[in-house]
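Summary of the model geometry
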Amino acid sequence: MLPNIIQLLLLLTVAFLVEAQLFSPCNGKSALGGVCDVNGDCDNKGSICLRGQCRCHPHYTEARDEKGRLPKCAPLPSKVGAKCSNKCREPLFCRNGECQCVQRGTTRISNGECITTSRVGDRCSRHYDCTSPFSACLNSQCVCISGTIQQGSRCVAAANCPLGGLPGQSCVRRSDPSLAFNIPPNQDNCPSGQICVTAADSQVGHCCPVVCPLASHVDVKYSCDPDAVPALKCPSDSHFCHFLSDGSFSQAVCCRRPCNSMAPNALYANNQCIPRGQLNSACTSNAQCGGGEGMECMKGQCQCQQNFHPAVDVLTNPLKNPSQSCSRDCENESLSKDTSCMKAVPLNSLCFIQKQCPQNSGCYRGRCMCRCGFAPKNGKCVEIPAPSTTTSAPAPAIIPGVNINPGDELFKLFGQFLGGGNGAGGLKFG
């Protein structure tokens, strides 16, 4: 019974993903109500991406332009006594056409603005009623979330360095490190050898040391910047560039190799330097043969595992340039990815490589989406026709006393527009 339920849930999930509307950069930025992935996908000022849809920020309200057509985000009145129609910026509320300050918890008026704060233990009805950091509304009371410590009337979360080491001074991050190939100069105000780590949507955080996976110190004499002068580039024989980014911080630092890459024993495994194995070369352990991923040490020689074969590409020559690695046996060689076989998937489905996606589509943000100039239709990407360069003929002039052929198509359209195309007593001429 349980496997049947799981299969049903999987089918429903796939059906939802196929039917789900996904943000595509080919459509430009999304208007209010449109789909999005991040705030930058939303076009209107004052709009944010909330649960996959562009909505007005809580300090704004949705309104229409002068002609009542395009929706936009209009700022809510935020001063005590400001004129209002039905809504003010919280915690203000609209009464008798004026914004008034709500009286609950610790509320005060500062420079004409209503400011309310909550402490741990205060009453609440929604999560955002709890304004103290790391607090949430549980059983109508503001409490500290898991992983934090209550200190008096507030919740405290200890500073942490994701890569290890002790957190240092407070800092300000000046650029988006997730977009940086390397730690750029003046990215933050941390000392040399440290990087500013912050929470999401915050520029203020704490300094953490940049570290190597096998050493405690980075070789700051060298740079991993591809534009660095040759003398300062991380030397590949004795060092390697360690790249790491989680979307909120990044580092690309030069680290010392445990084994020199030019030495016969260049591979580091199990705390020792051993010879690196390639396909058909001598070996004593699987660690020499690509770590045993697709290739293993059999009878003292690195050989492809079962269901794997020597990797072949357009440059491979059995004599001059023999294969040095193995790839998985797949029905379609182009769908072989590392040690896995990828399957072709329909439009809007999850993807890892471009080849998985249907014709005229590509793998964008992990989804198969139509390329620019194409639009989805019946599960396929069809070319968007070029806009017409011709203009329609003007409607015939309505002149009293002049008969117009009722069979004329333009007359039919005009008659339908005025309600006369259905015999229901529309306007009559002649």
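Residues numbered from 1 in each chain as written. Predicted model: local features only at pLDDT ≥ 70, side-chain atom pairs only at ≥ 80, totals over all residues. Heavy atoms only, no water.

Some remarks on the overall build of the protein chain
Helix and strand content of the protein chain: 2 helices and 29 strands. Every one of the 430 residues in the protein chain was classed for burial, and the buried ones make up 27%. Carbon and sulfur atoms make up 54% of the accessible area of the protein chain, which totals about 28800 Å². (Helix = DSSP H or I, 4+ residues; strand = E, 2+ residues; numbered from the N terminus. Buried < 20%, exposed > 50% of the residue type's maximum accessible area, 1.4 Å probe, protein only. Areas by Shrake-Rupley, 256 points an atom, 1.4 Å probe, with all protein chains shown as cover.)

Digging into the state of the cysteines
Tallied over the full model, the rule gives 23 disulfides. Here C144 engages in a disulfide with C155; their sulfurs sit 2.1 Å apart. Between C144 and C155, the S-S torsion sits near -95°, and that sign places the bridge as left-handed. Note that C144 is positioned in strand β10 (residues 141–144) and C155 in strand β12 (residues 154–156), a separation of 11 residues in sequence. By relative accessible area, C144 is classed as partly exposed at 21%. Residue classification places C155 among the buried residues on the basis of a relative accessible area of 5%. Through a disulfide, C234 is tied to C254; the S-S separation comes to 2.1 Å. Handedness of the C234-C254 disulfide follows from its S-S torsion of about 80°: it is right-handed. Of the two residues, C234 sits in the loop between β15 (204–209) and β16 (239–245) while C254 sits in strand β17 (residues 250–256), which places them 20 residues apart along the sequence. With respect to class, C234 is no different from C254; both count as buried. (Disulfide = S-S within 2.5 Å.)

Re the pattern of salt bridges
What the rule picks out here adds up to 6 salt bridges. One salt bridge connects R365 with D41, and the closest N-O pair in it is separated by 3.1 Å. With R365 in the loop between β26 (361–364) and β27 (367–370) and D41 in the loop between α1 (2–19) and β1 (47–50), this pair connects stretches of sequence that are 324 residues apart. Assessed through its relative accessible area of 44%, R365 is described here as partly exposed. Where E90 meets R126, a salt bridge forms, and the shortest distance between an N and an O atom there is 3.5 Å. Separated by 36 residues along the polypeptide, E90 in the loop between β4 (71–75) and β5 (92–95) and R126 in the loop between β8 (113–117) and β9 (135–138) bring together distant segments of the chain. Residue R126 is classed as partly exposed on the basis of its relative accessible area, which comes to 29%. Because the salt bridges share partners, they merge into one network encompassing D37, D41 and R365. (Salt bridge = Lys/Arg side-chain N within 4 Å of Asp/Glu carboxyl O.)

As for the UniProt feature "domain: EB" (unreviewed entry) in the protein chain
The sites that UniProt annotates as "domain: EB" (unreviewed entry) are residues 25–64, 107–155, 264–310 and 330–381. Secondary structure across residues 25–64 divides into 0% helix and 32% strand, with the first and last C-alpha atoms of the span separated by 25 Å. (UniProt positions renumbered as here; feature names shortened; annotations may be inferred.)

So, the sheet that holds strand β14 (residues 194–198)
With antiparallel pairing, 3 strands are arranged side by side in an open sheet as β13-β15-β14. Every other strand in the sheet has two partners, leaving β13 (170–172) and β14 as the edge strands with one partner each. Taking the axes of each pair of neighbouring strands and ignoring which way they run, one obtains an average angle of 55° across the sheet. The pairing of β14 with β15 spans 5 bridges and is antiparallel. The residue of β15 that forms the bridge with I195 is C208. (Pairing = 2+ DSSP bridges. Axes fitted to C-alpha atoms, helices over the stretch in contact; angles between N-to-C directions.)

Considerations on the environment of V172
Mapped onto the elements of the fold, V172 is located in strand β13. Along the sequence, V172 and D188 sit 16 residues apart, while their C-alpha atoms lie 5.7 Å from each other. Leave out the neighbours within four places in its chain, and V172 touches Q187, D188, N189, C196, Q203 and V204. (Contact = heavy atoms within 4.5 Å.)

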